[in-house]
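# What the coordinates show
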Amino acid sequence: MTNLVAALNAAQQEAVTASAGPVLVVAGAGTGKTRVLTTRIAWLLAESKLHPAQIIAFTFTNRAAREMRSRVADLVGAESSPYWIGTFHATGLKILRAHGDRLGLERNFTIYDTDDSLRTLKRVAGELGVDVKQISPPLVRGLISRWKNEDCGPAAAAAGAHGHIEEQAARLYTAYEEQLRACNALDFDDLILRTVHLLEQHDDVRLHYAGRFQHVLVDEFQDTNPLQFILIKALASEHGNIFAVGDDDQSIYSWRGASIANMLNFEEFFPGTRLLRLEQNYRSTGLILRAANAVIAHNRQRKGKNLWTSGAEGERLRIVSCVDAEEEAASLVTAVQAELTRDLKRSDLTVLYRTNAQSRLLEDALRRATIPYLIVGSVHFYERREVRDLLAYLKLVANPRDLVSALRVINTPRRKLGDVTVGRLAELAAREDLTLGEAATRPGLLEEQLPPAAARRVRAFFSMVAAWRAAEPETAVPSLLERIIAEIDYLQHLAATDADSASDRGENVAELVNAAHAFHEASGGGRLAQFLEQVALISDQDALTDGEGAVRLMTIHTAKGLEFPVVFITGCEDDLLPHASSVWEDHLLEEERRLFYVALTRARRRVYLLHAGRRRRAGVYEPSLASRFLREIPAELVAGAAEAAARPALRQPAASEAAWEADVYHDEIHYYAGQTVLHSTFGSGVVARVEGSGDNLLVTVEFNDHGRKQVLPKYAPLRPLD
DNA sequence: CTGGTCCCCGTTTTT
DNA sequence: CGGGGACCAG
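Everything in this summary refers to the structure shown in the same document. (Residues numbered from 1 in each chain as written. Chains lettered and ligands numbered in written order. Predicted model: local features only at pLDDT ≥ 70, side-chain atom pairs only at ≥ 80, totals over all residues. Heavy atoms only, no water.)

### Details of the overall build of chain A
A tally of regular secondary structure across chain A gives 31 helices and 21 strands. Within chain A, the proportion of its 722 residues that are buried is 55%. A fraction of 73% describes how many contacts in chain A between residues 6 or more apart in sequence connect residues 24 or more apart. Summing over all exposed atoms, chain A offers an accessible surface of approximately 29,900 Å²; the carbon and sulfur share of this is 50%. (Helix = DSSP H or I, 4+ residues; strand = E, 2+ residues; numbered from the N terminus. Buried < 20%, exposed > 50% of the residue type's maximum accessible area, 1.4 Å probe, protein only. Contact = heavy atoms within 4.5 Å. Areas by Shrake-Rupley, 256 points an atom, 1.4 Å probe, with all protein chains shown as cover.)

Right under this line is the structure:
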């Protein structure tokens, strides 16, 4: 199997062929991390004669799982590829579906996503009389999530709670857990937490898995949280063959409970660990790497490494200073258009930002310039109201105890079942320990509390649901969905609710139906429960990505793991990148710096760094300073302004000083033959000829050191020296 | 119970 | 500036 590793460099080979036992590979951005993981799997299968079922690999995103699966399949063939390659959540789910009964879980449990959890929490807060103005449900949800990720139950949370807010949150946590149990539902964190409990409390189950999996592989190990690490350790508890790949410099999820300590202390957890480093980068130009190295060197919390490349130095990074965020958007468009006149496709260009809110302005500008663009993974398809409504119907069909879904759709479309009626129904059901549907069909029960007309309407709704449920076993998922849409006259409901958005929302409904058809075909007639599972764990970077001809826009977080020829990093300003909430504490600031590092290292060839002197926040202009991270990039790596102008862009206010760079991008410079100009790469020269105008302006320059060149000022800035 | 109005608040990042 | 929730008048 030498051909497997022949094309790898020495460090990669060492990692791929490492002997059994704990291995930690510190793999910098673009050093072939995925390649090492996939080749390692192939190598294990071939060399150690392992069966595919003896290998388990974890990723963080579905996208990464899919890529790993397909690349392993390329190496060993689809038939011999491991079955257990997936995200932590998906893998937990798989295990819980198989053995959850040992924890008292019913087989058809529902997965509650963030929104479902929040609704549950709000309802519980109402019941407990907790003031949601004082104790905000999203905050509590965050706390509960953190507790769960530290394997801390309601009792322990209450015991360790500090202050009023945490005490109240712990109280809500208790009630929330009871609610989930009553609804036969698990939230995202439970998928891992319960799996851990299952393995801890039932040794036969632990042995079943830990005995079977001979090798545990983990991608993006720096993003694991303590709970995920416990899961990994449990699965590796029999043999200790753990192969983790990560980059401490790309740890950007500590807010989600990820602990860089897992990475920094790996060797303590696993004595005898082989520590390997991948530092040769195959992605970016030398200058981009030098910039990234220089920036990240300011962090103290790191293992330390230095990326290098044997490839070209490439072009310097370009800082684009703008007066305000509107101008930043305009400059982006100009730069994008300039790039498109080179040999690049729109999909080679990617625009990054810190917060989703920044995209609106950029989108507006791109739209005005009729440049096709694609937002990757912001408002998730499955989070749209119309999609969630319909999914709630399906969830209610699949799980009669799903209270959140029942409450969501009982009066959508309007059925004259308002808060009062529904509240009384819920009370009756709780009192009798019944589901809403059972309470509704129990003879005479509704009449205790409800007027006859209301009781009739409630019954009508639940008999409709019951009919769907009865039909479900022999109905294909897409047919069931179409039937529901027709019977509740949902498209009519959309039109009546908001005529403007009805057609967009209608398209989303159609898209959901398409997804159901696609699922039906792909799964060979899979059941409703499977469909809902798949939907629950998918985030739709996976769903709608036919953006070949579009410029991509996404958050830096979303961009992790991807690479692009040209990257535009927008909003390089203090209080945005680094984010305002993170500048006051060192370890938070370091995470922001890692984020910036991730952004830089996405680029293969060119990087644009845009920033604005002011930006609207909540409708009001606020002044913005250039990001401190820009100052951490050595001046000689930055194009144009670097030498002569000493980067005026980095000072504030930028109004007059920013004009120079703004000029470059706004093409307000008039060139003429005989003019002396300065080029960022070729140095100084004399203009020989000027042709064309606007975007097509072509200037022929006789450079002092590089001879005669034709230059498009649009993308190769020329600074007049006269 | 519905539909309208008003006001508040906000924004970090995601499985 | 925009969305969502609270509140009030039919």
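Still to come is the rest of the account.
### Digging into the protein's contact with DNA strand B
By nearness alone, 27 residues border DNA strand B, and His89, Arg354, Gly418, Thr421 and Thr558 come closest of all. Atoms of DNA strand B within 4 Å of the protein: sugar and phosphate make up 51%, bases the balance. Side-chain polar atom of His89 to a base oxygen of DNA strand B: 2.9 Å apart, as the coordinates give it. His557 has a polar side-chain atom sitting 3.3 Å from a base oxygen of DNA strand B. (Near = heavy atom within 4 Å. Polar contact = N/O pair within 3.5 Å; in protein donor to acceptor, adjacent residues only side chain to side chain.)

### Focus on the packing of helix H10 (residues 188–201) against helix H12 (residues 226–235)
For any two helices packed against each other, one specifies the inter-axial angle together with the distance between the axes. The contact between H10 and H12 brings their axes to 10 Å, and the two run at 35°. Between H10 and H12 the crossing geometry is left-handed. Across the interface between the two elements, Asp189, Ile192, Leu193, Thr195, Val196, Leu199 and Glu200 of H10 pack against Leu227, Gln228, Ile230, Leu231, Ala234 and Leu235 of H12. The residue makeup of the contact of H10 with H12, split by class, is nine nonpolar, two polar and two charged. (Axes fitted to C-alpha atoms, helices over the stretch in contact; angles between N-to-C directions. Left-handed = near helix turned anticlockwise from the far one by under 90°. Nonpolar A, V, L, I, M, F, W, Y, C, P; charged D, E, K, R; others polar.)

### Here's the deal with the sheet that holds strand S3 (residues 84–87)
Pairing within the open sheet is parallel, and its six strands lie in the order S3-S2-S6-S7-S1-S8. Here the strands that pair on one side only, and so sit at the sheet edges, are S3 and strand S8 (274–278). Adjacent strand axes in the sheet meet at a mean angle of 15°, parallel and antiparallel pairs treated alike. Sheet analysis places strand S6 (residues 215–218) next to strand S7 (residues 242–246), joined by three bridges and oriented parallel. Considered in S7, the bridge of Leu217 is made with Phe243. Set on the sheet, helix H4 (residues 62–76) makes contact with strand S2 (55–59) and S3; between it and S3 the angle comes to about 155°. (Pairing = 2+ DSSP bridges.)

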